Amino acid sequence: MSRKILAAGNWKMNKTPSEAAAAIEAMKATCASDEVEVLLCVPAIDIPAAMEAAKGSNIQIGAENVYFKDSGAYTGEISADMLLDVGVKYVILGHSERREYFAETNETVNAKMIQCFAKGLVPIMCCGESLEQREQGVTMDFIRQQVKVGFLGLTADQAKAAVIAYEPIWAIGTGKTATSEQAEEVCKGIRDLICELYGKEVAEEIRILYGGSVNASNAAELFGKEDIDGGLVGGASLKPDFGKIVNYK
Ligand code: PGA
């Protein structure tokens, strides 16, 4: 089993292209690592400047969303070919903020997953329960549905290459991190589901990240868990501190 830890930043709607370039220049040295794969998912308009700034470093630049159609009359959307043309490999899909504010559903996430693999992008598919769902005891039922529908129609090889990010909504941007036991329990539950759907080999290879108030002081404990293969990091990825998360050991 050889799952490489992925430290992925999610900048959300922060930083202009020039701010992005300056931030990445400043992060390059601290994010150097042979062991950990480093990715910053940035606003689409920042991608070319961020790519340029990251040249010669191990920092990869990804996107925060993609549309499921190839091209056409979809004002405001960004296609897979557009992302590929500027060198993007990874794209975040189905973040809870997109589900809440931009009407993303399990079905649109699934269409985007299919489009990513048709085009050669690697999706980082987000899932996660609300506080209410956790308190009702339906966390795993809810997440199983998100993952099952999100992965509909994907082959075993595609599933193996995908990344899943477990992000409890109550832990995002709140400073309230899930305990490493809570995070591990759900990430293991997701891996068990992938095993049911695709078998042991796929389950052992797919990377499952934890996200929700990951910072320099909790990364080591979270990433040290058996079924947690890195993090999707919001707030802390905007700061030079991100290098401490990359070099968490
Ligand atoms: P946070 O965000 O690290 O600021 O909690 C995580 C995310 O939304 O991906």
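Residues numbered from 1 in each chain as written. Predicted model: local features only at pLDDT ≥ 70, side-chain atom pairs only at ≥ 80, totals over all residues. Heavy atoms only, no water.

1. Topic: the site of the ligand
Basically, it comes down to this: We call a residue near a molecule or strand whenever a single non-hydrogen atom of that residue lies within 4 Å of it. Polar contact is defined as a pair of N or O atoms within 3.5 Å, subject to the rule that within protein one atom must be able to donate a hydrogen and the other to accept it, and that residues adjacent in sequence are counted only when both atoms are side-chain atoms. Exposure was quantified through the Shrake-Rupley algorithm and a 1.4 Å probe, taking into account, for residues, occlusion by the shown protein chains and nothing else. Gly falls in the polar group here, along with every residue not listed as nonpolar (Ala, Val, Leu, Ile, Met, Phe, Trp, Tyr, Cys, Pro) or charged (Asp, Glu, Lys, Arg).
The environment of the ligand is formed by 13 residues, the closest being K12, H95, E167, G173 and S213. Within the backbone of S213, a nitrogen or oxygen atom sits 2.8 Å from an oxygen atom of the ligand. Within the complex, the protein chains bury 95% of what would otherwise be the 280 Å² of accessible surface of the ligand. Looking at the shell around the ligand, its residues break down into four nonpolar, seven polar and two charged.

2. Considering the side chain of N218
Defined as follows: Strands here are runs of E lasting at least two residues and helices are runs of H or I lasting at least four, both read from the DSSP assignment and numbered beginning at the N terminus.
Considering the arrangement of structural elements, one finds N218 in the loop between β7 (207-211) and α11 (219-223). Of note is the side chain of N218, whose polar atom sits 2.8 Å from the backbone nitrogen of N215.

3. Brief notes about the nonpolar core
Under the convention used in this document: Note on terminology: a nonpolar core comprises buried Ala, Val, Leu, Ile, Met, Phe, Trp, Tyr and Cys residues joined through side-chain atoms within 4.5 Å. Each residue is assigned to one of three classes by its accessible area relative to the maximum for its type, calculated with a 1.4 Å probe on protein chains only: buried under 20%, partly exposed between the two thresholds, exposed over 50%. Two residues qualify as a contact provided that any one of their heavy atoms is within 4.5 Å of a heavy atom in the partner residue.
Among the nonpolar cores identified, the biggest contains 66 residues, and V147, F151, I190, I194 and F242 are the most heavily contacted of them. Of all the elements, helix α9 (residues 180-198) adds the most residues to this core, at seven residues. Filtering out sequence-adjacent residues up to four positions away, F151 remains in contact with N110, M113, M125, A159, A162, I164, I194, Y198 and I206. Grouped together as the second largest cluster of nonpolar side chains are 13 residues, A8, L39, C126 and L232 included.

4. A short note on the packing of aromatic side chains
Where we set the bar: Note on aromatic contacts: the rings of Phe and Tyr and the six-membered ring of Trp form a pair at centre separations within 6.5 Å, being stacked when their planes are under 30 degrees apart, edge-to-face when over 60 apart, and tilted otherwise. Only Lys NZ and Arg CZ are tested; either one counts as a charge over a ring when it is within 6 Å of the ring centre and within 35 degrees of the ring normal.
One pass over the full model with this rule turns up six aromatic pairs. Here Y67 and Y74 contribute two aromatic rings whose centre-to-centre distance is 5.2 Å and whose plane-to-plane angle is 45°, an arrangement assigned as tilted. By relative accessible area, Y74 is classed as partly exposed at 34%. Through a chain of ring-to-ring contacts, the aromatic side chains of Y67, F68 and Y74 assemble into a single cluster. Above the ring of W11, the side-chain terminus of K15 is found at 5.5 Å from the ring centroid.

5. Notes on the pattern of salt bridges
To keep things clear, this is the line we draw: Salt bridge, as used here, is a side-chain nitrogen of Lys or Arg placed within 4 Å of a carboxyl oxygen of Asp or Glu.
Inspection of every chain in the model, using the stated rule, returns 20 salt bridges. Measuring nitrogen to oxygen at the nearest pair gives 2.8 Å for the salt bridge that ties R3 to D229. With R3 in the segment before β1 (6-10) and D229 in the loop between α11 and β8 (230-233), this residue pair connects regions lying 226 residues apart in the sequence. With respect to class, R3 is no different from D229; both count as buried. Across the pair E35 and K249 runs a salt bridge whose closest N-O atoms are separated by 2.9 Å. Taken together, the residues span a long stretch of sequence, with E35 in the loop between α1 (17-27) and β2 (37-41) and K249 in the segment after α12 (242-246) at a distance of 214 residues. Exposure remark for K249: the relative accessible area of 73% places this residue in the exposed category. One network of salt bridges, in which partners are shared, links R3, R191, D227 and D229.

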